[in-house]
Amino acid sequence: MYRAYSNKEAWESDRKAVTAGVKTRELMERAGEALAQKVASAMDRLQLTEVLFALGSGNNAGDGFVAARILTEQSRLVKVLCLTEKLSPESALVKIRYKGEIFTRIPKKKFPLIVDCVFGTGLKRPPEGEYAKLISWINAQGSYVISCDLPSGLAENGIVFSPCVYADETVSIGCMKNSLLLNEGADHAGKITVADIGVDYGKKGGVEVWEDGDVKVFFPKKHSNVNKGMFGKSCIVTSGARMGAAMLAASASLRSGAGYTTLRVPERLCVSAATALPSCIVEDFNALDDGMLASDALAIGMGSGVSTGLYSIITQLLSGYRGTLILDADALTVLAEFGLKPLERKSCEVILTPHPKEFARLSNQSVKEVLENAVPIAQKFASQYGVTLIFKNNRTLITNGVRTAINNTGSPALAKGGSGDILTGFLVGTCARGLSPFDAACVSCYVFGRAGEFAEEEFGQYAPTVSDVIEVLPRAIRSVTEI
């Protein structure tokens, strides 16, 4: 597990290091040295003989000047492009030590490798004038591009200004940045590495980013003397006629390791559901009963339809259920439409699984607002209502208001109807096994995302069906348990 930080948190940690006695120039030297190592590695790996550093005016330019100097001293062919003489004080000082050629206008010559040091974490508005032209020029060259800290044009929380550099690699200085993971940040960052510059960014700030080993511990090797009763009872409920969503969820729950998976559907659909899912316990659903309330984890909302009846069922569950309740799809819609008050009177653990439009409705904000400020808005909502929130996006955000994580697995192949049902199904089964809501959410999102990666690997980004994703769930689990 590692941590990712907002641009503001990273800047504040750097400032504290300077206040504690580390000179800004020393941090710049460390950053430039790390950047030079990455550039040299890329030149050797790709057999590139020349590199152009494209610099702005801030401290990011200083990192570039240091790296350019080091590579020049290694007898590599280095050029620098810097459109201004008005540099930050520290960048102006390190510029003096660089003895190579500096272009002051965008060159006509093409370079096989460009290092983007135009803007760093301080960008607050779209690039303008000569710098906008410079970024567009970088993107048009067809060169291999390495960005220093962030691709220029990328802002907080992965919000992309236009234009924005498309990098093949990004060297994140000091720590991982949320911006490189969230929203469109991942598409612009390319391969991400972190350069250690000796600053302690701490564990109080930032968010968790789980890795294979963090997930593995929740799939321990089973003893031989076990039975199904030891691995929990999951229950999936649909009160509507659109049974397909609930059946997808049940299929995923069957792959989660839960001891029992029960699917509750309207009585007229029981025979067809039981025929389609013989591994699942299928029972009729007309109203809450002791069997449902005895389950360890229960998911509702998939294919139920939006109605006051569904809202009434959710209200009853929130006040009378004692397991972990997952509210998805139509359950989220009725909460947003008829009110969140029942969440304030709950007697159970609750997980909500909204995508951006659903979360915008729940939080009474615009989609733009929840995407641009995903971490603080999600944390505030989860804390206010005492829930675990899975804010689904290309990089899903998970928070209970105390702990927060960004899931870093996934694939565009998952952008299909039914994917959310699979996640919810795997989640309810994982909760039933006894994991806390936060841990279950992190594990489920990770495994689901990995399954999406395997589906893409086998079928491409366009062809996989959600059934294909279910079929590779066992492979996804093995990928983390067999490391």
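Up top is the structure these notes are about.
Here's a quick rundown of the structure. (Residues numbered from 1 in each chain as written. Predicted model: local features only at pLDDT ≥ 70, side-chain atom pairs only at ≥ 80, totals over all residues. Heavy atoms only, no water.)

1. Focus on the environment of Ser 363
Item 1. Within the secondary structure layout, Ser 363 lies in helix H14 (residues 356–363).
Item 2. Here Ser 363 falls in the buried class, since its relative accessible area comes to 16%.
Item 3. Taking the C-alpha atoms as reference points, Ser 363 and Lys 380, 17 residues apart in sequence, are found 9.7 Å from one another.
Item 4. Excluding residues that lie within four positions of it along the chain, Ser 363 makes contacts with Val 370 and Phe 381.
Item 5. A polar contact of 2.7 Å, which involves the side chain of Ser 363, links it to the backbone oxygen of Phe 359. (Helix = DSSP H or I, 4+ residues; strand = E, 2+ residues; numbered from the N terminus. Buried < 20%, exposed > 50% of the residue type's maximum accessible area, 1.4 Å probe, protein only. Contact = heavy atoms within 4.5 Å. Polar contact = N/O pair within 3.5 Å; in protein donor to acceptor, adjacent residues only side chain to side chain.)

2. A closer look at the layout of surface pockets
Over the atoms, a rolled probe matching the size of one water molecule traces out where space is still vacant.
Item 1. Quantified by volume, the largest pocket comes out at close to 880 Å³.
Item 2. Forming the walls of the largest pocket are 32 residues, and the residues nearest its centre are Trp 11, Asn 59, Thr 121, Gly 122 and Asp 149.
Item 3. Elements with a contribution of two residues or more to the lining of the largest pocket: helix H1 (7–19), helix H2 (24–46) and helix H3 (59–73).
Item 4. A total of eight residues in the lining of the largest pocket trace back to one element, the largest contributor, which is H1.
Item 5. Residues of the lining of the largest pocket, tallied by class, amount to 14 nonpolar, 10 polar and eight charged.
Item 6. In this structure, the second largest pocket spans a volume of roughly 740 Å³.
Item 7. Taken together, 30 residues form the lining of the second largest pocket, with Asn 393, Asn 394, Leu 414, Ala 415 and Phe 448 sitting closest to its centre.
Item 8. If you list the elements that add at least two residues to the lining of the second largest pocket, you get helix H6 (185–189), H14, helix H17 (419–432) and helix H18 (437–459).
Item 9. Classifying every residue of the lining of the second largest pocket gives nine nonpolar, 13 polar and eight charged. (1 Å grid on protein atoms, 1.4 Å probe; cavity = no way out; pocket = protein on both sides within 12 Å on 5 of 7 lines; lining within 4 Å. Points joined across faces, edges and corners; volume = space filled by probe spheres on them. Nonpolar A, V, L, I, M, F, W, Y, C, P; charged D, E, K, R; others polar.)

3. Quick notes on the side chain of Asp 63
Item 1. Examined against the element boundaries, Asp 63 turns out to sit in helix H3.
Item 2. Although Asp 63 is buried, it makes no salt bridge; Lys 177 carries the closest opposite charge, 9.0 Å away.
Item 3. Leaving out residues up to four positions away in the same chain, Asp 63 has contacts with Met 28, Ala 31, Gly 32, Leu 35, Cys 148 and Ile 173. (Lys, Arg positive; Asp, Glu negative; His and termini not counted. Salt bridge = Lys/Arg side-chain N within 4 Å of Asp/Glu carboxyl O.)

4. Structural notes on the sheet that holds strand S3 (residues 77–82)
Item 1. Ordered in space as S4-S3-S2-S5-S6-S7-S9, the seven strands form an open sheet in which the pairing is parallel. Taken across any chain shown, the strands that pair with only one partner, and hence form the sheet edges, are strand S4 (101–103) and strand S9 (191–195). Pairs of neighbouring strands in the sheet enclose a mean axial angle of 20°, with direction left out of account.
Item 2. Pairing geometry for strand S6 (residues 144–148) and strand S7 (residues 169–173), over three bridges, is parallel. Looking across to S7, one finds that Ser 147 is bridged to Thr 170. (Pairing = 2+ DSSP bridges. Axes fitted to C-alpha atoms, helices over the stretch in contact; angles between N-to-C directions.)

5. Describing unusual backbone geometry
Only a minority of non-glycine residues have a phi that is not negative, and only a minority of peptide bonds are not trans.
Item 1. Residue Pro 163 follows Ser 162 across a cis peptide bond; omega there is 0°.
Item 2. Inspection of the secondary structure assignment puts Pro 163 in the loop between S6 and S7.
Item 3. Residue Asn 157 is not a glycine yet carries a positive backbone phi of 60°.
Item 4. What makes Asn 157 buried here is its relative accessible area of 6%.
Item 5. Phi is positive for Asn 364, which is not a glycine, with a value near 60°.
Item 6. Its relative accessible area of 73% is what places Asn 364 among the exposed residues.

6. What about helix H5 (residues 129–140)?
An α-helical turn contains 3.6 residues, so a residue and the one three or four places further along point in the same direction.
Item 1. For H5, spanning 12 residues, the distance from its first C-alpha to its last is 17 Å, which sits close to the expected 16 Å at 1.5 Å a residue.
Item 2. Close packing links the buried residues of H5 with strand S2 (50–55), S3, strand S5 (113–117) and S6.
Item 3. Two residues or fewer after H5 comes Gly 142, characterised by a positive phi angle close to 75°. (Expected span 1.5 Å × (residues − 1).)

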